[in-house]
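Report on the structure
What follows is each chain in one-letter form.
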Amino acid sequence: MTLNRILPIFTIGIAALNHGLADSQSALVDQALKASGKNRAQIAEALEKAPDEQKSALQFLIAYMPKHDLEALSAKFLLNNVDLAFKARASMPWGNDIPDARFLNDVLPYASINERRDDWRADFYERLAPIVKDCKTPGEAAQALNRDLYKLIGVQYHASKRPKPDQSPYESIEAKYASCSGLSVLLIDACRAVSVPARFAGTARWAKKRGNHSWVEVWDSGKWHFTGACEYNKAGLNKVWFLNDASHAKKDERRHAIYATSWQHTGESFPMVWAQDLDYVQAINVTDIYTGRAAQLLSAGECLLGIQVWDCPGGERVVSDVRVRAGEEKIHEGKTTGTSDDTNHVFEVVLKQNKAYSIDYVDTAGEQHSKPVTTANDAHQRLDLFLSEK
C-alpha cells in the first residue's frame, strides 16, 4: 500500500479545527514563532505552505513543540509529517472513528519523549501497513504490530547492550537492542504510522520494588489500553506481567505514580529518570487506570518471592525451568526470564514467610540443580540462583 496513492486526504471534522485555532492556541503559535529563533523562516514556511485542510493540525503541532525542535526542524519535515499522518488516517478502516483530539495529540506528533527526531512515517507505513491490512480496530492493529514489528526490524530488549535508554527508532534498529523505553518509542511510532493513537507510559520507580519501567498505551473503543512493548500477549491488551506492580502505584507520589505523555501542554512533566534535568515532555497522571485493577494480594504471613537464574555472578540472566517444593510437595513451577526480557520482569511465587523450601532449576545442558531456601520475615523477597560460581 502506497501513501501517495491514497485519496482523498482525510479532513479533520470538528468546527473548532476547520475554522482555526482557539485564541489561546493561536497565541501559542505566535510564541512558538518567537521561540524558533534563527529557524523562524522554516516554521513560518510550514505554516504558509500547509494545505487548508491540514493547516489547523499543523498549527496544533507547532503550538506545543519543544523549543529545541522549533529551533531545528525544517518546514519539509513538519509538512511531510502532517501530510503522511492525514493520508494514513484516510487509509485505515478505523480512521473515521478516531476522535479528532486523539488524532492531534496521539497520532500526529513525530516524537514521544526526548529521543532523537527521526523521519520515520513514510518508511514505517510502507513496512507496517501490510501487517495491519486485515485489522478492523486500533487495538487489533496494535496487537499485530507488537507481535511482528520487532522480528521485522531485528530489535530486542537488552539492559546493557543497548547504547542508551532513550533511543530513537533508527538508533534502536541500528543497535539491534533497546531498553523498555526504546522499545516503547518504536511501537508508538509504528502505531502512529498506521493511525493508531498511542502514547508513552511509565513509572519512575515501582512502589513495591526497585526500578523504573516504560510501556505503551493504545486508544481503542473510547478508552486507553496498555501493553508491554516487544511483549506481545495473544490474550490481548491489558495482559501484562507488570500489572501487579502497577496496581501498587501511588498517585500522589511523583516517584511512584504512573504517567502517560501528552503533546498538548498539561502543566505536568513526564518523569524521565534517564534525563532528570529535562521537563519539557508533558504528561498526565494516569495512575487510576492501574490501581483499580486486581493486585496480587498477600495474606498475613505470606511473601512474594522473585526468582532469577544467572549463568554466573555478574553475568547474564538465563531462562530456566523452575520448580518450588515444600518437602516433596510441588508448590509452584514456571520459567525464569532471560536477557531479552525486561530487567524488572521476574518469575514470582507466593510462599509462606519463615518457611523452608527447595528450589529446583535446570541449566543449559539440562542438568538439574536444587537449592534449599528459607524465606525471611518480609513481604517482598528476591532470590538469585547461579549455574556457575565463576
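Scope of this entry: the structure provided in the associated data block. Position numbers for residues start from 1 in each chain and track the written sequence from start to end. Where totals are concerned, whole chains, interfaces and linings use all residues; where local detail is concerned, this predicted model gives features only for residues with pLDDT of at least 70, and gives and counts side-chain atom pairs only at 80 or more. To obtain the side-chain values, all non-hydrogen atoms of the structure were included, while hydrogens and water were left out.

**Section: helix H8 (residues 121-128)**
Count 3.6 residues to each turn of an α-helix, and residues three or four apart come out pointing the same way. Spelled out, the test is: Relative accessibility decides the category of a residue: with a 1.4 Å probe and only protein chains considered, values under 20% of the type maximum give buried, values over 50% give exposed, and everything between is partly exposed. Each helix is a run of H or I in the DSSP string that is no shorter than four residues. Each strand is a run of E no shorter than two, and both are numbered from the N terminus. Each direction from the helix axis to a C-beta atom contributes to the arc, which is the arc of those directions. Every residue pair with non-hydrogen atoms within 4.5 Å of one another is taken to be in contact.
Those residues of H8 lying buried are Arg121, Phe124, Tyr125 and Leu128. All buried residues of H8 project into a common sector of 100° when viewed along the axis, lining one side. Buried positions along H8 lie against helix H6 (75-91), helix H9 (138-153), helix H10 (169-175) and helix H11 (180-193).

**A few points about the environment of Leu304**
Residue placement: Leu304 occurs in strand E8 (residues 302-310). Judged by relative accessible area, which is 6%, Leu304 ranks as buried. Residues Leu304 and Val155, spaced 149 residues apart in sequence, show a C-alpha to C-alpha distance of 32 Å.

**Some details on helix H4 (residues 52-63)**
Under the convention used in this document: Each residue after the first adds 1.5 Å to the expected span of a helix.
Taking 1.5 Å as the rise per residue, H4 with twelve residues should run 16 Å; its terminal C-alpha atoms sit 17 Å apart, in good agreement. For H4, the set of buried residues is Gln54, Ser56, Ala57, Leu58, Phe60, Leu61, Ile62 and Ala63.

**Section: the sheet that holds strand E5 (residues 223-227)**
The cut-off we apply is this: The rule for pairing is simple: two strands pair if DSSP sees at least two bridges between them. Orientation is described by lines fitted to C-alpha atoms, with helices fitted over the stretch in contact, and by angles between N-to-C directions that extend from 0 to 180 degrees.
Across the sheet, five strands lie side by side as E5-E4-E3-E6-E7; this open sheet has antiparallel pairing. Of all strands in the sheet, those bounded by a partner on one side alone are E5 and strand E7 (282-285). Neighbour to neighbour, the strand axes of the sheet diverge by 35° on average, direction disregarded. Here strand E6 (residues 258-262) runs beside E7; their pairing, made up of four bridges, is antiparallel. Looking across to E7, one finds that Ser262 is bridged to Gln282.

**Regarding the packing of aromatic side chains**
Note the cut-off: Pairing of aromatic rings covers Phe, Tyr and Trp, the last through its six-membered ring, and needs centres within 6.5 Å; plane angles under 30 degrees mean stacked, over 60 mean edge-to-face, and all others mean tilted. Consider the ring centre and the ring normal. A charge sits over the ring if Lys NZ or Arg CZ is within 6 Å of that centre and within 35 degrees of that normal.
Taken as a whole and assessed by the stated rule, the structure comprises 15 aromatic pairs. Ring geometry for Trp241 and Phe242: centres 5.4 Å apart, planes at 85°, overall edge-to-face. By relative accessible area, which is 0% here, Phe242 ends up buried. The rings of Trp206, Trp215, Phe226, Trp241, Phe242 and Tyr290 are connected pair by pair, giving a single aromatic cluster. Lying across the ring of Tyr357, Lys355 places its NZ or CZ 6.0 Å from the centre.

**Focus on the pattern of salt bridges**
Two side chains with opposite charge may pair up if their charged atoms get near one another. As a reminder of what qualifies: In the sections that follow, a salt bridge refers to a side-chain nitrogen of Lys or Arg positioned within 4 Å of a carboxyl oxygen of Asp or Glu.
What the rule picks out here adds up to 22 salt bridges. The partner of Arg117 in a salt bridge is Glu115, with the nearest N and O atoms 3.8 Å apart. Look at Arg117 and you get buried, because its relative accessible area is 16%. Between Arg325 and Asp360 there is a salt bridge, and its shortest N-O distance comes to 2.6 Å. Of this pair, Arg325 sits in strand E10 (residues 321-326) while Asp360 sits in strand E13 (residues 356-362), and the two are 35 residues apart along the sequence. The buried category is assigned to Asp360, whose relative accessible area is 3%. Connected through salt bridges with shared partners, the residues Arg116, Asp118, Lys164 and Glu171 form a single ionic network.

**Some words on the packing of H8 against H11**
For clarity, the cut-off: The labels follow the angle: roughly parallel below 35 degrees, roughly antiparallel above 145, roughly perpendicular from 65 to 115, and oblique for the rest. Classes in brief: Ala, Val, Leu, Ile, Met, Phe, Trp, Tyr, Cys and Pro nonpolar; Asp, Glu, Lys and Arg charged; the others, Gly included, polar.
One can describe the packing of H8 onto H11 by two numbers: an axis separation of 8 Å at closest approach and a directional angle of 80°. When the interaxial angle is binned, H8 and H11 end up roughly perpendicular. Contacts from Arg121, Phe124, Tyr125 and Leu128 in H8 reach Leu186, Asp189, Ala190, Arg192 and Ala193 in H11. Residues belonging to the contact of H8 with H11 are distributed by class as follows: six nonpolar, no polar and three charged.

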